[in-house]
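A look at the structure
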Amino acid sequence: MDEKPVVLVEGLHKHFGAAHVLKGIDLAVDSSRVVCVIGPSGSGKSTLLRSMAFLDPYDEGRVFIEGRLLGYRETDGKRVRDSDRNIDSVRSVIGMVFQHYNLWPHKTALGNVTEALRVVRKLGRREAERIGVEMLAKVGVGDKAHDFPARLSGGQQQRTAIARALAMRPHVMYFDEPTSALDPELVGEVLQVMQELAGEGMTMVVVTHEMGFAAHVADEVVFMDGGEVIERGPPDDIFKRPRSGRLREFLDTWRSRTI
Amino acid sequence: MDFLGIISNHHNAFLAGATMTAVVSAVSIALGMVLGLWLAFGLISPNRLIRRASAVYRSAWRGTPILVQLLIVFYLLPEIGLDVPPVAAAIIALTMNTAAFQAEIFRGGLLTIPPGQVEAARMLGLGVLHIRVRILVPQMLRLVLPALVNETISILKNSSLISVIAVTELMRTSQQVVSVTYRPLETYMIAAVVYLAMNLVLARAGAWFERRQAPAAAR
Ligand SMILES: Nc1ncnc2c1ncn2[C@@H]1O[C@H](COP(=O)(O)OP(=O)(O)OP(=O)(O)O)[C@@H](O)[C@H]1O
Ligand SMILES: [Mg+2]
């Protein structure tokens, strides 16, 4: 049993100019757990996830990845931004999947997956391609290895992006609304890959509007509104026994939209 | 009108002049591309100082006439102890000029690439230089190819100005031919046709590249 949480967030604050977007977030993600973050648009879900990867530098608080502080160095109470090299090193265990896939359009599906294997992990071409093909097959796009992203459906592109992240053997995967840009009929294939991943014991933080996925797959659901965590707990409590008015309202709005 | 007479007597001089024009232009465009790429990343740098410095360079070289730039470089180099032949001064001036224009073209191209592609690369641990060289520049060059061809054509035409610092390219060659034939109209028309021919080849090559690249992007 690994005692230390894979991701630990303490008192996180983030401003964009005058806007106070994260107002003291605490979060712990233990190994092999799936945490889903839900909440209305603009509540700060993406900003939280991006801060947890230091894509958006946070202002106050701390993010620890496997016990290592991400983004800053602290020496006698003062903190300074860490070097790129150290930041890369701390976040090398994080795999991230974005709403808009962010594949590189001038590289094939396989080229997208092998790039970091070759450059960062310094693998030879054959070894990188072996892993690349294996990863693409794992997410069900093995036959698309030599296609460019523009030839793939949205669902295939997103699965390729998942394969690209998985190839680096991350210890935790972040997903920021991975299915929100997809046509409805393609959502299922991506969620299924994510569910399989969770079944294999991958530690995951998933920002999503897919309440069905959160209800089935999450170990913990975190409801955010206005830059704060309003309520958190097992999916059954969150979806069936919401305590706060804001969560009830959010769930009612969501139900009325989907019916 | 005696075009054939002029051509048959001076075709070697025209050929040498055209070659000089082509070489000076090609070298300036190529060196200007390297400088222009650095400058373009400077123009979009998160560091304000780098951004400012790049913008000042860009504005200075875009905002003054090439002829003035050429003469300043030509007379400045000996002053700072660099005794280089006129052709080197010409290449330096044209390079620094086209770098400013190319930087602006590249900047525009870079801004169309979704920043998410860079974020994905950063999360995979790819370094900034690698991201620029292997992810941003290849996509950007495809996008800006037509503008780059325009800039190349423009440098090729503007290279006629370097005749004033005694580089024997096509324009100066024509002046020399005029001084022995006393046939300015025919001679300069021949020069015009040679410039036009070189630029048509460039435009064709650009169109060919574009056709070749188009399927790759949409593949
Ligand atoms: N780069 C930025 N600059 C300024 N403001 C920003 C920036 N990114 C986000 N914000 C603001 O921060 C707040 C939270 O945004 P965020 O994207 O985290 O919300 P979200 O919960 O992910 O919403 P959605 O469900 O629409 O994706 C919003 O008010 C947004 O306008
Ligand atoms: Mg978001």
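Higher on the page you've got the structure.
Residues numbered from 1 in each chain as written. Chains lettered and ligands numbered in written order. Predicted model: local features only at pLDDT ≥ 70, side-chain atom pairs only at ≥ 80, totals over all residues. Heavy atoms only, no water.

1. A few points about the overall build of chain B
When its secondary structure is counted, chain B shows 8 helices and 0 strands. In chain B, the succession of helices and strands from N to C terminus is α-α-α-α-α-α-α-α. Expressed as lengths along the three principal axes of its C-alpha atoms, the size of chain B is roughly 70 × 50 × 25 Å. Within chain B, residue pairs in contact and separated by at least 24 positions form 75% of the contacts whose partners lie at least 6 positions apart. If the 17 positive side-chain charges of chain B are averaged to one point and the 9 negative ones to another, these points end up 14 Å apart. (Helix = DSSP H or I, 4+ residues; strand = E, 2+ residues; numbered from the N terminus. Contact = heavy atoms within 4.5 Å. Lys, Arg positive; Asp, Glu negative; His and termini not counted. Charge placed at Lys NZ, Arg CZ, Asp CG, Glu CD.)

2. Concerning the interface of chain B and chain A
Taken residue by residue, the interface counts 20 residues in chain B and 25 residues in chain A. Both faces considered, chain B and chain A share a buried interface measuring about 2100 Å² in area, 61% of it formed by carbon and sulfur atoms. Our count for the chain B to chain A interface comes out at 2 salt bridges. Here Arg-122 of chain B makes a salt bridge to Asp-88 of chain A, at a shortest N to O gap of 3.7 Å. Inspection of the region where chain B meets chain A yields 6 residue pairs in polar contact (both at pLDDT 80 or more). If one sorts the elements of the side of chain B that touches chain A by residue count, helix α5 (residues 115–123) of chain B sits on top with 7 residues. Considering only residue class, the side of chain B that touches chain A consists of 10 nonpolar, 5 polar and 5 charged. (Buried area = accessible area lost by both parts, 1.4 Å probe. Salt bridge = Lys/Arg side-chain N within 4 Å of Asp/Glu carboxyl O. Polar contact = N/O pair within 3.5 Å; in protein donor to acceptor, adjacent residues only side chain to side chain. Nonpolar A, V, L, I, M, F, W, Y, C, P; charged D, E, K, R; others polar.)

3. Observations regarding the nonpolar core
Ranked by size, the top nonpolar core spans 92 residues in total, and within it Ile-38, Ile-162, Met-173, Phe-175, Met-194 and Met-204 of chain A carry the most contacts. Element by element, the count of residues in this core is highest for helix α4 (residues 86–111) of chain B, at 11 residues. When neighbours within four sequence positions are excluded, Met-194 of chain A is seen to be in contact with Ile-162, Phe-175, Pro-178, Met-204, Val-206 and Phe-213 of chain A. Ranked by size, the runner-up nonpolar core spans 37 residues in total, among them Val-37, Val-63, Ile-94 and Val-172 of chain A. (Core = buried A, V, L, I, M, F, W, Y, C linked by side-chain atoms within 4.5 Å. Buried < 20%, exposed > 50% of the residue type's maximum accessible area, 1.4 Å probe, protein only.)

4. Structural notes on the site of ligand 1
Residues and elements named next belong to chain A. Around ligand 1 sit Phe-16, Val-21, Pro-40, Ser-41, Gly-42, Ser-43, Gly-44, Lys-45, Ser-46, Thr-47, Glu-177 and His-209, and that is every residue in its neighbourhood. Between an oxygen atom of ligand 1 and a main-chain N or O atom of Gly-42, the distance comes to 2.8 Å. Considering every element that reaches the shell around ligand 1, the biggest residue donor is helix α1 (residues 45–51), with 3 residues. (Near = heavy atom within 4 Å.)

5. A look at the packing of aromatic side chains
For the structure shown, the criterion picks out 7 aromatic pairs over all chains. Relative to Tyr-72 of chain A, the ring of Tyr-58 of chain A lies with its centre 5.2 Å away and its plane at 75°, an arrangement referred to as edge-to-face. In this pair, Tyr-58 of chain A sits in the loop between α1 and β4 (60–65) while Tyr-72 of chain A sits in strand β6 (residues 72–75), placing the two residues 14 residues apart along the sequence. Consider the rings of Trp-208 of chain B and Phe-209 of chain B, whose centres lie 5.3 Å apart with planes at 70°: the pair is edge-to-face. On the basis of relative accessibility, which here comes to 43%, the residue Trp-208 of chain B falls in the partly exposed class. When its relative accessible area of 37% is taken as the criterion, Phe-209 of chain B is described as partly exposed. (Phe/Tyr/Trp six-rings, centres within 6.5 Å; stacked < 30°, edge-to-face > 60°.)

6. Things to note about the sheet that holds strand β1 (residues 7–16) of chain A
Residues and elements named next belong to chain A. Judged by pairing direction, the sheet is antiparallel, and its 4 strands sit side by side in the order β2-β1-β4-β5 without closing on themselves. A single partner strand is all that each edge strand has here, and the edge strands are β2 (19–29) and β5 (68–69). Relative to β5, β4 runs antiparallel, the two sharing 2 bridges. By the bridge assignment for β5, Phe-64 is matched with Leu-69. (Pairing = 2+ DSSP bridges.)

7. Some remarks on the environment of Arg-132 of chain B
Residue and element names in this part refer to chain B. In this fold, Arg-132 is placed in helix α6 (residues 128–158). Through-space distance from the C-alpha of Arg-132 to that of Thr-168 is 39 Å; in sequence the pair is 36 residues apart. Here Arg-132 is in contact with Trp-38, Phe-41, Val-137 and Pro-138, once residues within four sequence places are set aside.

8. Looking at a nonpolar patch on the surface
There is a patch of nonpolar side chains on the surface, built from Val-68, Ile-72, Leu-76, Ile-80, Leu-82 and Val-84 of chain B and spanning about 510 Å² of accessible area. Of the residues examined, Ile-80 of chain B reaches a relative accessible area of 56% and is grouped as exposed. (Patch = residues over 30% accessible without salt bridge, like charges linked within 9 Å, V, L, I, M, F, W, Y side chains within 5 Å. Areas by Shrake-Rupley, 256 points an atom, 1.4 Å probe, with all protein chains shown as cover.)

9. Remarks on the packing of helix α1 (residues 3–43) of chain B against helix α7 (residues 170–181) of chain B
Axes are the key here: two packed helices are described by the angle between their axes and the distance separating the axes. Residue and element names in this part refer to chain B. Where α1 meets α7, the axes come as close as 8 Å, and the angle between the chain directions of the two elements is 155°. On the basis of the axis angle, α1 is roughly antiparallel to α7. Crossing geometry of α1 relative to α7 is assigned as right-handed. For the pair α1 and α7, the contacting residues are Ile-6, His-10, Ala-13, Phe-14, Gly-17, Ala-18 and Thr-21 in the first and Leu-170, Thr-173, Ser-174, Val-177, Val-180 and Thr-181 in the second. Classifying every residue of the contact of α1 with α7 by side-chain character gives 7 nonpolar, 6 polar and no charged. (Axes fitted to C-alpha atoms, helices over the stretch in contact; angles between N-to-C directions. Parallel < 35°, antiparallel > 145°, perpendicular 65-115°, else oblique. Left-handed = near helix turned anticlockwise from the far one by under 90°.)

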